[in-house]
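Residue strings, one per chain:
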Amino acid sequence: HISKRWLIAFIILLDLTLLPYILNNLQVFTGSWMNSSFVLLWGPVLYYYIVSLLKEKINYRWFILHLLPFATYYLLTTVFGVQVIPGPPESAGPPHMHAHQHHAILFNLVQACSLVGYSGFTLWVLNRHQNNIQDYYSYKDVYLTIQWSYLILIFFAFGYIFVVVAELFIYKSLRLVSLDIQLVLITVFIYILGYLGIHQQPVYLNLLDDFVSDAGKKPNSEKEAESSSNEKYANNKLSDSLKEEYKTRLLDFLEKEKPYLQPKLSINELANSLHIPKHFISQIINDSLGHTFYSLINSYRVEEVKRRISEDKQDKFTLLAIAFDSGFNSKSGFINNFKLETGLTPLEYRKRQNAE
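Quick caveat: nothing in here was measured; it's all calculated off a predicted structure.

Calculation rules
- Residues numbered from 1 in each chain as written.
- Predicted model: local features only at pLDDT ≥ 70, side-chain atom pairs only at ≥ 80, totals over all residues.
- Heavy atoms only, no water.
- Helix = DSSP H or I, 4+ residues; strand = E, 2+ residues; numbered from the N terminus.
- Buried < 20%, exposed > 50% of the residue type's maximum accessible area, 1.4 Å probe, protein only.
- Arc of directions from axis to C-beta.
- Contact = heavy atoms within 4.5 Å.
- Salt bridge = Lys/Arg side-chain N within 4 Å of Asp/Glu carboxyl O.
- Axes fitted to C-alpha atoms, helices over the stretch in contact; angles between N-to-C directions.
- Parallel < 35°, antiparallel > 145°, perpendicular 65-115°, else oblique.
- Nonpolar A, V, L, I, M, F, W, Y, C, P; charged D, E, K, R; others polar.
- Patch = residues over 30% accessible without salt bridge, like charges linked within 9 Å, V, L, I, M, F, W, Y side chains within 5 Å.
- Areas by Shrake-Rupley, 256 points an atom, 1.4 Å probe, with all protein chains shown as cover.
- Core = buried A, V, L, I, M, F, W, Y, C linked by side-chain atoms within 4.5 Å.
- Expected span 1.5 Å × (residues − 1).
- Bend = angle between axes of the 7 residues up to and from the residue.
- Phe/Tyr/Trp six-rings, centres within 6.5 Å; stacked < 30°, edge-to-face > 60°.
- Lys NZ or Arg CZ within 6 Å of the ring centre and 35° of its normal.

(A) Spatial organisation of the overall build of the protein. Summing up its helical and strand segments, the protein has 15 helices and 0 strands in all. Within the span of the protein, comprising 356 residues, buried residues form 45% of the whole.

Here it is, written out as structure tokens:
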């Protein structure tokens, strides 16, 4: 998959940082082609890796602009021989490029801005994805929300800020210490990112298309037939009468069929069961009910938990068992949603019920 290719490319770039020092220890010295300018590719490649997990089609229109900083430094160093990138410290091998101190400081600042800037923008993209999830799914997990990537990006940005600060302000006699720390951070980063990246599958929210399980099913009303004739539901506006009709069907279905008991219910599954386009369901949930899909379904699950707690006066079942039977699929999701709806923790609520 394309996301795995971006992951491989990023790990190779990290390896290119480690390789010169490994070769130098073996007394095999690298040429000027292998220099620090590859660091300027870390940010763009990591950004495109994360985006490839969230979108099926990536716009590469401005891709060349992301490569300009790297291309500029790399060409100046290897083609024109301009000393703008500091060479390796003497302890790591013979210095092949000794830049002026001001040039070295400028390069460190450029790479710091690149890494921190791309990390910040990628975090913004992830935050948008996190918010959109609530309109499509009734649950959250680490691989759906890609929460692990938040830690990776923070580790990536702040770890390198530390390295840059060390390079700029630490005494030359201690520079090897900062280099060792840098190599350790990169090595740890490669292992963690490799493990998590291998297990991460793409999360394409835009691929939750509208479709009806039974293609031969007749529409429930003339209004519905007229509305469903348009293939692009996202651009349609529901009339007040049709909105009320869909709202009634939705609430009746939730009350009678209890689809929220399915731990991994999505808006697509609900749309298929009701034979209503998901864009319309989303519009009703957001506009008429004042909820996201996630908050609506979990509010029903909380009510189910409250009902079962009231019936379980002798505490035969644990709260977690009741939660899982009510549709929750994680302890943290259960506690957070329950406290949000009731203002109490599940244990506090049970004690209050037993006291009454």
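(B) Here's a closer look at helix α15 (residues 346-355). Listed as buried for α15 are P346, Y349, R350 and Q353. The buried residues of α15 occupy an angular sector of 100° when the element is viewed end-on, so they sit on one face. Facing away from the buried side of α15 by more than 90 degrees, the exposed set consists of K351 and A355. Lining the buried residues of α15 we find α12 (293-311), α13 (319-325) and α14 (331-342).

(C) Summary view of the pattern of salt bridges. Inspection of the entire model under this criterion finds 7 salt bridges. Salt-bridge contacts for K258 lead to E304; the nearest nitrogen and oxygen are separated by 3.7 Å. Residue K258 is located in the loop between α9 (240-257) and α10 (267-274), and its partner E304 is located in helix α12; the two are separated by 46 residues in the primary sequence. With a shortest N-O distance of 2.9 Å, R308 and E304 are connected by a salt bridge. Pair noted here: R308 and E304 are both in helix α12, with a separation of 4 residues, about one helical turn. When its relative accessible area of 22% is taken as the criterion, R308 is described as partly exposed. Judged by its relative accessible area of 4%, E304 is buried. Within the structure, one salt-bridge network assembled from shared partners comprises K258, E304, R307, R308 and E311.

(D) Region of the structure containing the packing of α12 against α14. α14 packs onto α12 with a crossing angle of 85° between their chain directions and a minimal axis gap of 9 Å. By the angle class used here, α12 and α14 are roughly perpendicular. Counted together, Y294, S295, N298, S299, V302, V305 and K306 of α12 and F334, N337, F338, E341 and T342 of α14 form the full contact between these two elements. Here the residues of the contact of α12 with α14 are counted per class, giving 5 nonpolar, 5 polar and 2 charged.

(E) Structural view of a nonpolar patch on the surface. On the surface, a cluster of nonpolar side chains totalling about 350 Å² of accessible area is made up of L19, I22, L26 and V28. Tracing the chain through its elements places V28 in the loop between α1 (2-25) and α2 (42-54).

(F) Molecular detail of the nonpolar core. F10, W42, Y49, W148 and L193 are the most contacted members of the largest nonpolar core, which totals 42 residues. If you list the elements that add at least two residues to this core, you get α1, α2, α3 (63-78), α4 (101-133), α6 (148-169) and α7 (175-199). If one sorts the elements of this core by residue count, α2 sits on top with 10 residues. Core analysis: the second largest hydrophobic core is formed by 28 residues, Y246, L254, L265 and I297 among them.

(G) Representation of unusual backbone geometry in the model. In this structure, I146 is a non-glycine residue whose phi angle is positive, near 55°. Along the chain, the position of I146 falls in the loop between α5 (142-145) and α6. In the Ramachandran plot, H275 falls in the positive-phi region, its phi being about 55° despite a non-glycine side chain. Secondary-structure assignment places H275 in the loop between α10 and α11 (278-288). In this structure H275 comes out as buried when scored by relative accessible area, which is 17%.

(H) Inspection of α3 at higher detail. When the terminal C-alpha atoms of α3 are compared, their 22 Å separation across 16 residues agrees well with the 22 Å that a helix rising 1.5 Å per residue should span. Along α3, the helix axis deviates most sharply at P69, where the bend reaches about 40°. Turning to α3, its buried residues are H66, F70, Y73, Y74 and T77.

(I) Structural context of the packing of aromatic side chains. All chains considered together, the criterion is met by 21 aromatic pairs. Centroid distance W6 to F63: 6.1 Å. Interplanar angle 65°. Geometry classified as edge-to-face. Linking W6 in helix α1 with F63 in helix α3, this pair joins segments that are 57 residues apart in sequence. In this structure an aromatic cluster arises from ring pairing among W6, Y47, Y48, Y60, F63, Y118, F121 and W124. The ring of Y294 has K140 lying over it, and the distance from NZ or CZ to the ring centre is 4.6 Å.

(J) Representation of the environment of P259. With respect to the helices, strands and loops of the structure, P259 is situated in the loop between α9 and α10. Along the primary structure P259 and G327 are separated by 68 residues, whereas in three dimensions their C-alpha atoms are 8.8 Å apart. Those residues in contact with P259, other than ones at most four positions away along the chain, are F253, L254, L265 and L270.

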